[in-house]
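Observations on the model geometry
Below, each chain spelled out in residue letters.
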Amino acid sequence: MTVLPDDGLSLAAEFPDATREQWQSLVAGVLRKSGRDVSGPAAEEALATTLQDGLSTRPLYTAEDAPGDSGHPGFAPFTRGGRPEGGAVSGWDVRQRHTRPDPARTNEAVLADLENGVTSLWLGVGAGGVPVSGLATALDGVYLDLAPVALDAGDAFGPAARELLRLYEERGVARHQARGTLGADPVAQLARTGRETDGHTREAAELAALCDRAYPGLRAISVDALPYHEAGASDAQELGCSLATGVGWLRDLTAAGLSVEAACGQLEFRYAATADQFLTIAKLRAARRLWARVAEVCGAPAAGAQRQHAVTSPVMMTRRDPWVNMLRTTVAALAAGLGGADAVTVLPFDHALGLSDAFSRRIARNTSTILLEESHLGRVIDPAGGSWYVERLTDELAHAAWAWFQEIERAGGQRAALRDGLIGERLSDTWRERSEKLARRREPITGVSEFPQLSQPPVERERVPETPGGGHGGYAEHGGHGGRGGLPVVRRDEAFETLRARSDAHLAATGARPRVFLAALGPAAAHTARATFAASLFQAGGIEPVHDPVSVDADTAADAFTRSGASVACLCSSDALYAERAASVAAALRSAGALRVFLAGRPGEHRETYLEAGVDEFVVAGGDAVAVLTSALDRMGVA
């Protein structure tokens, strides 16, 4: 056996440690070449990325950025996980959602899921899915002592819970074997519909007392933060709302006679997992830390291990090029697992289009299977723990969420803040700011605002049945608003979807999409970058780019424009060639009948010359793409 010398693994030990100041000096040198004269901490700050909630991501994290000891998995403050073993024993509960109203078809899907990797069921019941009377059919053949069931029945949670308990009794399931969540959640219904029903809180408390007394594996209450996420909430706002809701339930349940420990044991928290993997990891870790603080203040620190159900974000799901949703949900599921969620639901890629088919459900459940069985994520306890970036982000997010929670409490609690409009107004402001980033493509949406595929045929799915009160039951399946008076339901692709719908209608009416002629000047090396940029921009609005011939000049532009069938044009080239040819080509396009002439790039000192020659607008990276495309469709007469 060969024995390495003592210094055999010294690696870089002979090199002196680099200081943060040295790194900042190197960064300043690079920035200086781009015209930014900064130094020291300002150089580092120049590379920071601003997030929502007043947070920012810095380019470098070291041990000095760590916020302090985050504890151990399974022990307060539970930042690193609610169980000592983390996910190392079995990973997370793979929970599939079903909302099809037909009990027999739901049963087929349920059995297929359970036979192929799903470990628990999330059933929409009542207006949001299977009728309460059809629950027995939907669960026919399901071993209820092995497969936990989580109900989502909206206002019908009482009858749905009683029916499930009846099925346990009828099928001989011992009370200690019944597992899952009865899904009582009147606060989420208030958020979704703007309505409160007398007696629902009392009914939920009675169910909690029953579960605590007779069904140790069942939880009665869902603290669902998805209504806030779907209304445009930031991560801190989602956390703060869930925390305020949970505290409200502690008050209600202890008033009904439960101890603080028992009340904590009756709550399951539901959060959204997005494709921003680090924020999702930090959000779930911060949620556990915050709830542990609540339990500690209430005198039950050992009961502060928050039970978490993470759901891949409906807001991020797109209707165009929905196949890309498979990638988004994979990253979101990975983040949920790394963040320590107890149960993870991967929404099918066609979720935003209607009722999912067997193929999309198979891909959804296999996403978790790949992560658990092939990537082995479930074999590591708190895999993100110790990352200076994640630890710092968790700490900052927790503080931002706590501040919002305190504001809600000062307003009288979650219900009062919903009724009085505080939450709706604040979430609306947050979504307005984010919509601005989406419109300017600073938050790109692959397949929608970036790299759209106009020729791709739409994916058709059976529509989700409308419910009598508006919306789509307890859980929104696609865009629109919740029930009358509730929080809105937003989607990242909203603005671009509106533009594409206009283009689709035009195609159906005329047999052709609206077109833009790309008037490329000079050789390919000069115009390719901006022609590619312009083509992607206009396709995001459903406008078909025509780039034929490859290059034009003042003598050929008019004829090429006429042959293209387009009604608007966009000049594409380098700044140098713009200075030489843009004015004359723009004038030729105008003479040929172009309703609007765009120029891809910033005009610089030649702005007035271009405008006088007939250029109407300059399209640039970071500009308001939605405004540009809306104006173009308006000018082209696309209704």
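Residues numbered from 1 in each chain as written. Predicted model: local features only at pLDDT ≥ 70, side-chain atom pairs only at ≥ 80, totals over all residues. Heavy atoms only, no water.

Section: the overall build of the protein
Along its length, the protein carries 22 helices and 17 strands. Computed over the C-alpha atoms, the radius of gyration of the protein is 28 Å, within 12% of the 26 Å expected from 2.2 N^0.38 for a compact globule of 639 residues. Relative to its full complement of 639 residues, the protein shows a buried share of 53%. Nonlocal contacts in the protein, meaning residues at least 24 apart in sequence, comprise 75% of its contacts between residues at least 6 apart. Carbon and sulfur atoms make up 53% of the accessible area of the protein, which totals about 26,700 Å². Averaging the coordinates of the 64 positive side-chain charges in the protein and doing the same for the 81 negative ones gives two points 3 Å apart. (Helix = DSSP H or I, 4+ residues; strand = E, 2+ residues; numbered from the N terminus. Rg over C-alpha atoms; globule rule 2.2 N^0.38 Å. Buried < 20%, exposed > 50% of the residue type's maximum accessible area, 1.4 Å probe, protein only. Contact = heavy atoms within 4.5 Å. Areas by Shrake-Rupley, 256 points an atom, 1.4 Å probe, with all protein chains shown as cover. Lys, Arg positive; Asp, Glu negative; His and termini not counted. Charge placed at Lys NZ, Arg CZ, Asp CG, Glu CD.)

Points about empty space enclosed by the protein
Tallying each qualifying case throughout the model produces three cavities of 30 Å³ or more. Reported here for the second largest cavity is a volume of approximately 60 Å³. What lines the second largest cavity is simply Leu151, Asp152, Gly154, Gly183, Asp185, Ala188, Gln189, Arg192, Ser222, Asp224 and Arg270. Every element with two or more residues in the lining of the second largest cavity is listed here: strand S5 (149-152), helix H6 (186-193) and strand S7 (218-224). Here the lining of the second largest cavity gets three residues from one element, more than from any other, and that element is H6. Classifying every residue of the lining of the second largest cavity gives two nonpolar, four polar and five charged. (1 Å grid on protein atoms, 1.4 Å probe; cavity = no way out; pocket = protein on both sides within 12 Å on 5 of 7 lines; lining within 4 Å. Points joined across faces, edges and corners; volume = space filled by probe spheres on them. Nonpolar A, V, L, I, M, F, W, Y, C, P; charged D, E, K, R; others polar.)

Remarks on the nonpolar core
With 104 residues, the main nonpolar core has Leu123, Leu139, Tyr168, Tyr228, Leu267, Trp291 and Ile423 as its most contacted residues. Here this core gets 10 residues from one element, more than from any other, and that element is helix H14 (residues 388-410). One finds Ala540, Leu571, Tyr578 and Ala632 within the second-largest nonpolar core, a separate group that totals 55 residues. (Core = buried A, V, L, I, M, F, W, Y, C linked by side-chain atoms within 4.5 Å.)

Describing H6
Of all eight residues that make up H6, eight are buried, and the element is covered over most of its length. Listed in full, the buried residues belonging to H6 are Pro186, Val187, Ala188, Gln189, Leu190, Ala191, Arg192 and Thr193.

Some points on H14
The end-to-end C-alpha distance of H14 is 33 Å, a good match for the 33 Å that 23 residues give at a rise of 1.5 Å each. Backbone geometry just downstream of H14 places Gly412 in the positive-phi region, at approximately 110 degrees. (Expected span 1.5 Å × (residues − 1).)

Observations regarding the layout of surface pockets
Empty space among the atoms becomes apparent when a probe as large as a water molecule is rolled across them. If you add up the space inside the largest pocket, you get close to 810 Å³. Forming the walls of the largest pocket are 31 residues, and the residues nearest its centre are Asp276, Leu279, Arg434, Glu443 and Arg492. Listed by contribution, the elements that provide at least two residues to the lining of the largest pocket are strand S1 (49-50), helix H9 (235-255), helix H11 (277-297) and helix H16 (422-439). No other element matches H11, which puts three residues into the lining of the largest pocket. Residues of the lining of the largest pocket, tallied by class, amount to 11 nonpolar, nine polar and 11 charged.

Looking at the pairing of strand S13 (residues 515-520)
Counting buried positions over the six residues of S13 gives five, a clear majority of the element. Pairing geometry for S13 and strand S14 (residues 544-546), over three bridges, is parallel. Note on S14: the bridge partner recorded for Val516 is Pro545. Note on the crossover from S13 through helix H18 (residues 524-540) to S14: the handedness is right-handed. (Pairing = 2+ DSSP bridges. Right-handed = clockwise from strand over helix to strand, strands pointing away.)

A closer look at the environment of Asp624
Following the sequence through the fold, Asp624 ends up in the loop between strand S17 (617-619) and helix H22 (625-635). Given the relative accessible area of 24%, Asp624 is considered partly exposed. Placed 185 residues apart in sequence, Asp624 and Ala439 show a C-alpha to C-alpha distance of 5.5 Å. Contact partners of Asp624, with chain neighbours within four places excluded, come to Ala439 and Arg440. A distance of 3.3 Å separates a polar atom in the side chain of Asp624 from the backbone nitrogen of Val626. (Polar contact = N/O pair within 3.5 Å; in protein donor to acceptor, adjacent residues only side chain to side chain.)

Observations regarding the sheet that holds S14
The strands that make up a sheet are held in pairs by hydrogen bonds between backbone atoms, and each pair lies either parallel or antiparallel. Here we have five strands laid out as an open sheet, ordered S14-S13-S15-S16-S17, and parallel in their pairing. Strands with a single pairing partner mark the edges of an open sheet, and in this sheet they are S14 and S17. Strand-to-strand, the axes of this sheet are offset by a mean angle of 30 degrees, without reference to chain direction. Where S13 meets strand S15 (residues 568-572), five bridges bridge the pair, whose relative direction is parallel. Within S15, the residue paired with Val516 across the bridge is Val568. Sitting on the sheet, H18 is in contact with S13, S14, S15, strand S16 (596-600) and S17, with an inclination near 150 degrees to S15. Taken strand by strand, H22 contacts S16 and S17, and its axis lies near 155 degrees from that of S16. (Axes fitted to C-alpha atoms, helices over the stretch in contact; angles between N-to-C directions.)

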